[in-house]
Amino acid sequence: MTAKKHKIPDKHGRFGPYGGRYVPETVIYALDELKREYRTIKNDKAFRSELKALFADYIGRPSPLYFAERLTEYLKGPQIYFKREDLNHTGAHKINNTVGQILLARRMGKERIIAETGAGQHGLATATVCARFGVECIIYMGEEDIARQAPNVKKMKLLGAEVRPVSSGSKTLKDATSEALRDWVTNVRDTFYIIGSVVGPDPYPMIVRDFQSVIGKETKAQSKRILGASPDAIIACVGGGSNAIGIFHQFLNDKKVKLIGVEAAGLGLRSGKHAATLSKGKPGVLHGSFSYLIYDHDGQIILPHSISAGLDYPGIGPEHSWLYDTGRVKYGSTTDKEAMRAFKLVSRLEGIIPAMETSHALGWLIKNSKDFKKSANIVVCLSGRGDKDMPILEEYGEL
């Protein structure tokens, strides 16, 4: 794949056939305004300088590229490295995007911020930047996710955010996103919607990707310094897909680097209880964008399932859909049980408790490690830390 082929999205916000805008007319004005403002400021020296300072002094970037020695020994090769996004302020990659979008919101004069969250990491990151800049913050979160991600909910409230429970549908991320969109449609003039992943209507998939691409930029420079070359493979979990696009993006034009996204297989791909959008889904429209979804013969969204709240979503970002179709990124899946085993194994081998989302990527690697040469250098995007997932371990009797 040449660099020319990856100059996407196009002017219509399309990644191949995917993406675009499928929203009420009242929102088009806000999307046009956002796109104009983003194009104006993304190369503005003052904006870039402020963003760079916040990345360094507030988030704590660059995050390390860490050699997982004991996991490597356990697997008897390949050589495993973790890109440590769990060491960011708030404990995940989500803060990269919320810092960027809050600066956009301030430039646009928006003083009311809304967001959706599943695992709570995006909600926490949004509440954090709203506290930092002193603006109103409302977080929509499904009731099931509120129960299983209680530590993050408490943190959001401590930071001054209002957490609005969503009781419709599956009471998870899909429904929280739907409620946030309804709020935005109603209050579009004074409200900025900080979308947490590379989903939603144009220009959100591009904006979130661009802010998260700092992960891949750092990984590329660190790999050159530590390994003397780019890694042989990069693995990341995929729900909506922001941490994965963030680390993949800088390597898309380097065909020597294998890129592997890992979805949630839940109770198994044949069980009907999963969130494996690319493995089992078809293209359709959800939350303002055309992308792969899981839905039934009547076109109704199938309720997804994953032990991980952050992967419990029936769609995926449009750029991932395009990368799946073109074959540039290979996508696999990991079940709940495999993710839980990886969660415990890596905690005990490395003294690093990974997020349940990240544990899906680790689970896939553990399951498929023998497919790689012992000399291969593999980077896993450690998208977040797992202290938020302690209630899940208690529920499953693992503590």
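Since the model is a prediction, treat every value here as computed from it, not as a measurement.

To continue, consider the side chain of Arg 61. Within the secondary structure, Arg 61 sits in the loop between helix 2 (45-59) and strand 3 (65-67). According to the relative accessible area criterion, Arg 61 is buried, its value standing at 7%. A distance of 3.5 Å separates a polar atom in the side chain of Arg 61 from a polar atom in the side chain of Asn 88. There is a polar contact of 2.9 Å between the side chain of Arg 61 and the side chain of Asn 96. Setting aside chain neighbours within four positions, we find Arg 61 in contact with Phe 55, Ala 56, Lys 83, Glu 85, Asn 88, Asn 96, Val 214, Ile 215 and Glu 218.

Buried residues dominate strand 5 (residues 112-117), accounting for six of its six residues. Pairing geometry for strand 5 and strand 6 (residues 136-142), over six bridges, is parallel. Considered in strand 6, the bridge of Thr 117 is made with Met 141. A crossover links strand 5 with its parallel partner strand 6, the connecting element being helix 5 (residues 121-133), and its sense is right-handed. Where strand 5 lies against strand 8 (residues 191-193), three bridges are found, and the strand directions are parallel. Across the sheet, the residue bridging to Arg 112 is Thr 191, located in strand 8.

Next up on the list: the sheet that holds strand 4 (residues 79-84). Taken together, six strands build an open sheet; the order of strands is 3-4-14-9-10-13 and the sheet is mixed. Looking along the sheet, the strands with just one partner apiece sit at the ends: strand 3 and strand 13 (329-335). Pairwise comparison of adjacent strand axes, ignoring direction, gives a mean angle of 30° for this sheet. With seven bridges joining them, strand 10 (residues 258-266) and strand 13 adopt parallel strand pairing. Bridge assignment links Gly 261 to a residue of strand 13, and that residue is Tyr 331. Contacting strand 4, strand 9 (233-237), strand 10, strand 13 and strand 14 (377-382), helix 15 (residues 356-368) crosses the sheet at an angle of about 100° to strand 13.

We now examine empty space enclosed by the protein. A complete count under the given rule lists five cavities of 30 Å³ or more for this structure. One number sums up the size of the largest cavity: a volume of about 380 Å³. Lining the largest cavity are 30 residues, with Lys 94, Leu 173, Ser 197, Gly 240 and Gly 310 sitting closest to its centre. Among the elements of the structure, strand 5, helix 5, helix 8 (173-186) and helix 11 (242-248) are those that each provide at least two residues to the lining of the largest cavity. Split by residue class, the lining of the largest cavity holds eight nonpolar, 18 polar and four charged.

What follows concerns the sheet that holds strand 6. Reading across from one edge, 7-6-5-8 is the order of the four strands in this open sheet, with parallel pairing throughout. Where the open sheet ends on each side, the last strands, each with one partner, are strand 7 (162-166) and strand 8. Taken over all neighbouring pairs, the strand axes of this sheet differ in orientation by 25° on average, direction set aside. Here five bridges tie strand 6 to strand 7, and the two strands are oriented parallel to one another. Bridge pairing links Gly 142 to Val 166 in strand 7.

Rules of the game
Residues numbered from 1 in each chain as written. Predicted model: local features only at pLDDT ≥ 70, side-chain atom pairs only at ≥ 80, totals over all residues. Heavy atoms only, no water. Helix = DSSP H or I, 4+ residues; strand = E, 2+ residues; numbered from the N terminus. Buried < 20%, exposed > 50% of the residue type's maximum accessible area, 1.4 Å probe, protein only. Polar contact = N/O pair within 3.5 Å; in protein donor to acceptor, adjacent residues only side chain to side chain. Contact = heavy atoms within 4.5 Å. Pairing = 2+ DSSP bridges. Right-handed = clockwise from strand over helix to strand, strands pointing away. Axes fitted to C-alpha atoms, helices over the stretch in contact; angles between N-to-C directions. 1 Å grid on protein atoms, 1.4 Å probe; cavity = no way out; pocket = protein on both sides within 12 Å on 5 of 7 lines; lining within 4 Å. Points joined across faces, edges and corners; volume = space filled by probe spheres on them. Nonpolar A, V, L, I, M, F, W, Y, C, P; charged D, E, K, R; others polar.

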